[in-house]
Amino acid sequence: MDLKIGYNIQIEKILLNRIVGTKKDFRDLVYQSGLLQKNDDLKKLRISTQDKGLLSLFQKEWQLNIPIKSYFVLAQLHIDYVQLTLNQVVTDLDLKEGREQESIVVQDKTIPIENLYDSLCTHMWNNILNNTGIIHLCDVHCEYNDFMLFELFSRKTRIDFMGYFKQYISNKIFSVDTHFHFDDTQWVPLSSNCKCGIYLSVRDIIDISFQPVFQEIALLVATSLINNNLFGHYTNIEFIFNVICFNNNPKFHTILSDMLNEGQDSEVRSLFLPKLSNQLLQSIAHQRSSAVYKSFQDGELQQISNENYGFYFYCLKGYQSENISPFYKDEKNDEKSQDSEDVIFLLLEKGTIISRCGVKRLIYLKITENIKDKFLKIFISN
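Residues numbered from 1 in each chain as written. Predicted model: local features only at pLDDT ≥ 70, side-chain atom pairs only at ≥ 80, totals over all residues. Heavy atoms only, no water.

**Things to note about the nonpolar core**
As a reminder, the rule being used: What is meant by a nonpolar core is a set of buried Ala, Val, Leu, Ile, Met, Phe, Trp, Tyr and Cys residues, joined one to another through side-chain atoms within 4.5 Å. Exposure classes here rest on a 1.4 Å probe applied to the protein chains alone. A residue is buried below 20% of its type maximum, exposed above 50%, and partly exposed in between. The contact criterion used is simple: two residues touch if any of their non-hydrogen atoms lie within 4.5 Å.
Judged by nonpolar contacts, the single largest core of 57 residues is most densely connected at Phe 174, Phe 210 and Phe 252. Residue contacts for Phe 174: discarding those within four places in its chain leaves Leu 116, Tyr 117, Ile 169, Phe 210, Phe 246, Asn 247, Asn 248, Asn 249, Phe 252 and Leu 256. In this structure, Leu 54, Phe 239, Leu 271 and Leu 273 belong to the second largest nonpolar core, which totals 14 residues.

Pasting the structure below:
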């Protein structure tokens, strides 16, 4: 018996969009590498992003049945960007048949943010500047007066402290093997040139650094629902599903989730999963009913055009059709031109997959007369 094998390669959206291009481009790279053969019937390849299959995990955790044709926003929080994805639910939930709900991506937006470590360090450093009494001075600086202590707050000291503080956050808070008590204090050096420093507890760091930083991130996610440049035109968004992608500490995961939940002051219900991001991927991979597994059997859901759409040019204010010759190049580099007003350029063909990035056509105009004070109109029809 021939054994059929499915390969699922997951890639971060920001890496796919900025470096590779599309899933098709990435699939072609895999085939060109020789790892898999394109026409091998026994081996199937699927390229997926990290949001694939998360809908079913949120539904099982929170016992959700989302109305069909409604929307939800998936917010994936990374160290230096937030990935916001608007999804529409397109199938019903059927527990008797074991059929999960499925969704399609309507809009995708990557929003850069200040590096999380830099933001946390900046808030702590500003707190030190405003409360210099928390500094434990070394033998050298304890003899200095207030004016002489200004040398402690040099640019070099700031860089040194931020390096020590970043290391503390990474090793003592976000690390998978960390076990901490909220009020136990830890020594954090201030500078590499002396032995000055401060004692900080996890509770101090949460109150001084994490709270304000995560309130800003939570506000960014919440305002995406009313921002017309993002998802403000969609009125029936039911949920915000949040995934924290930078933390490996299970104990701290709930704390981060609570801070983000408090900051998302929105009428839309905001939910988190108790599992870490790496655990989510394992959960999806082991579900035979998951969207990833199902895509090998039935393919992936896509948004397609239900009609043919075309466009043409109409000349106003004295233009003659022989004085203007529009033409464009499609994705296959086939040049098409409009020699008269009766020609319609094809924009979308019925059954064509619509990319989440939209449809682009590069149009050139060849004009043989002065165009001053004369206008063109573009008409789109189906």
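There's more to say after this.
**Quick word on the sheet that holds strand S9 (residues 269-272)**
The following threshold applies: Pairing between strands requires that DSSP locate at least two bridges from one strand to the other. Starting at the N terminus, helices and strands are each numbered in turn, a helix being any DSSP run of H or I of at least four residues and a strand any DSSP run of E of at least two. Axes here mean lines fitted to C-alpha atoms, for a helix over just the part in contact, with angles spanning 0 to 180 degrees between N-to-C directions.
Across the sheet, 5 strands lie side by side as S5-S4-S3-S8-S9; this open sheet has mixed pairing. Across the chains shown, the open sheet's two edge strands, defined by having one partner strand only, are strand S5 (103-112) and S9. Here the strands of the sheet are splayed against their neighbours by 20° on average, with no regard to which way each runs. Sitting on the sheet, helix H6 (residues 202-223) is in contact with strand S3 (71-77), strand S4 (81-89), S5 and strand S8 (237-244), with an inclination near 30° to S4.

**Focus on the packing of aromatic side chains**
Stated formally: Geometry of aromatic contacts follows a simple scheme: Phe, Tyr and Trp rings, the Trp one being its six-membered ring, pair when their centres are within 6.5 Å, and the pair is stacked under 30 degrees between planes, edge-to-face over 60, tilted otherwise.
For the structure shown, the criterion picks out 15 aromatic pairs. Their ring planes at 70° and their centres at 6.3 Å tell us that Trp 125 and Phe 153 sit as a pair that is edge-to-face. One end of the pair, Trp 125, is in helix H4 (residues 116-130); the other, Phe 153, is in the loop between H4 and helix H5 (155-172), with 28 residues separating them in the sequence. Take Trp 125: its relative accessible area is 4%, and that puts it in the buried class. Aromatic rings pair up to connect Tyr 117, Phe 174, Phe 210, Phe 214, Phe 246 and Phe 252 into one cluster.

**Some remarks on a nonpolar patch on the surface**
For clarity, the cut-off: Note on patches: the residues involved have over 30% relative accessible area and no salt bridge, like charges join within 9 Å, and the nonpolar side chains Val, Leu, Ile, Met, Phe, Trp and Tyr join within 5 Å. Reported accessibility uses the Shrake-Rupley method at a 1.4 Å probe radius. Residues are deemed covered only where the shown protein chains occlude them. Salt-bridge detection follows one rule: a side-chain nitrogen of Lys or Arg within 4 Å of a carboxyl oxygen of Asp or Glu.
On the surface, a nonpolar cluster with roughly 270 Å² of combined accessible area is contributed by Leu 3, Ile 5 and Tyr 7. Within the element layout of this structure, Ile 5 appears in strand S1 (residues 5-11).

**Things to note about the pattern of salt bridges**
Side-chain pairing between opposite charges can occur once the charged atoms of the two side chains come close. The full count for this structure, using the stated rule, is 3 salt bridges. In this structure, Asp 118 engages Lys 166 in a salt bridge whose closest nitrogen and oxygen atoms are separated by 2.6 Å. Placement of the pair is Asp 118 in helix H4 and Lys 166 in helix H5, with a sequence separation of 48 residues. With its nearest N and O atoms 2.7 Å apart, the salt bridge here joins Asp 183 to Arg 203. A residue pair is termed long-range when its members are at least 10 positions apart, and Asp 183 in the loop between H5 and strand S6 (185-189) and Arg 203 in helix H6 qualify at 20 residues. Of the residues examined, Arg 203 reaches a relative accessible area of 39% and is grouped as partly exposed.

**Concerning H4**
Using the following cut-off: Take the number of residues in a helix, subtract one, and multiply by 1.5 Å to get its expected span. Nitrogen and oxygen atoms within 3.5 Å of one another constitute a polar contact, given that in protein one can donate a hydrogen and the other can accept it, and given that sequence-neighbouring residues count only through two side-chain atoms.
Its 15 residues place the ends of H4 22 Å apart at the C-alpha level, agreeing with the 21 Å of an ideal helix rising 1.5 Å per residue. Listed in full, the buried residues belonging to H4 are Leu 116, Tyr 117, Ser 119, Leu 120, Cys 121, Met 124, Trp 125, Asn 127 and Ile 128. Those residues of H4 that are buried lie in contact with H5, strand S7 (197-201) and H6. Regarding H4, its N-cap is Asn 115, as a side-chain oxygen of that residue lies 2.9 Å from the backbone nitrogen of Tyr 117 further along.

**Section: the environment of Pro 112**
Inspection of the secondary structure puts Pro 112 in strand S5. The class for Pro 112 is exposed, based on a relative accessible area of 58%. Spatially, the C-alpha atom of Pro 112 lies 4.2 Å from that of Tyr 81, the residues being 31 residues apart in sequence. With residues up to four places along the chain from it excluded, the contact list for Pro 112 reads Asp 80 and Tyr 81.

**Quick notes on the packing of H6 against helix H7 (residues 250-263)**
For clarity, the cut-off: Any angle between 65 and 115 degrees counts as roughly perpendicular, while under 35 counts as roughly parallel, over 145 as roughly antiparallel, and the rest as oblique. Helix crossings are classified by the rotation of the near helix relative to the far one: an anticlockwise turn of less than a right angle makes the crossing left-handed, while a clockwise turn makes it right-handed. Any residue that is not Ala, Val, Leu, Ile, Met, Phe, Trp, Tyr, Cys, Pro, Asp, Glu, Lys or Arg is counted as polar, Gly included; the first ten are nonpolar and the last four charged.
One way to put it is that H6 packs onto H7 with a least axis distance of 8 Å and a crossing angle of 45°. Taken together, the axes of H6 and H7 lie oblique to each other. Like other packed secondary-structure pairs, H6 and H7 cross with a definite hand, here right-handed. Across from Val 202, Ile 206, Phe 210, Gln 211, Phe 214, Ile 217, Ala 218 and Leu 219 in H6, the residues of H7 making contact are Phe 252, Ile 255, Leu 256, Met 259, Leu 260 and Gly 263. Residue composition of the contact of H6 with H7, grouped by class: 12 nonpolar, 2 polar and no charged.

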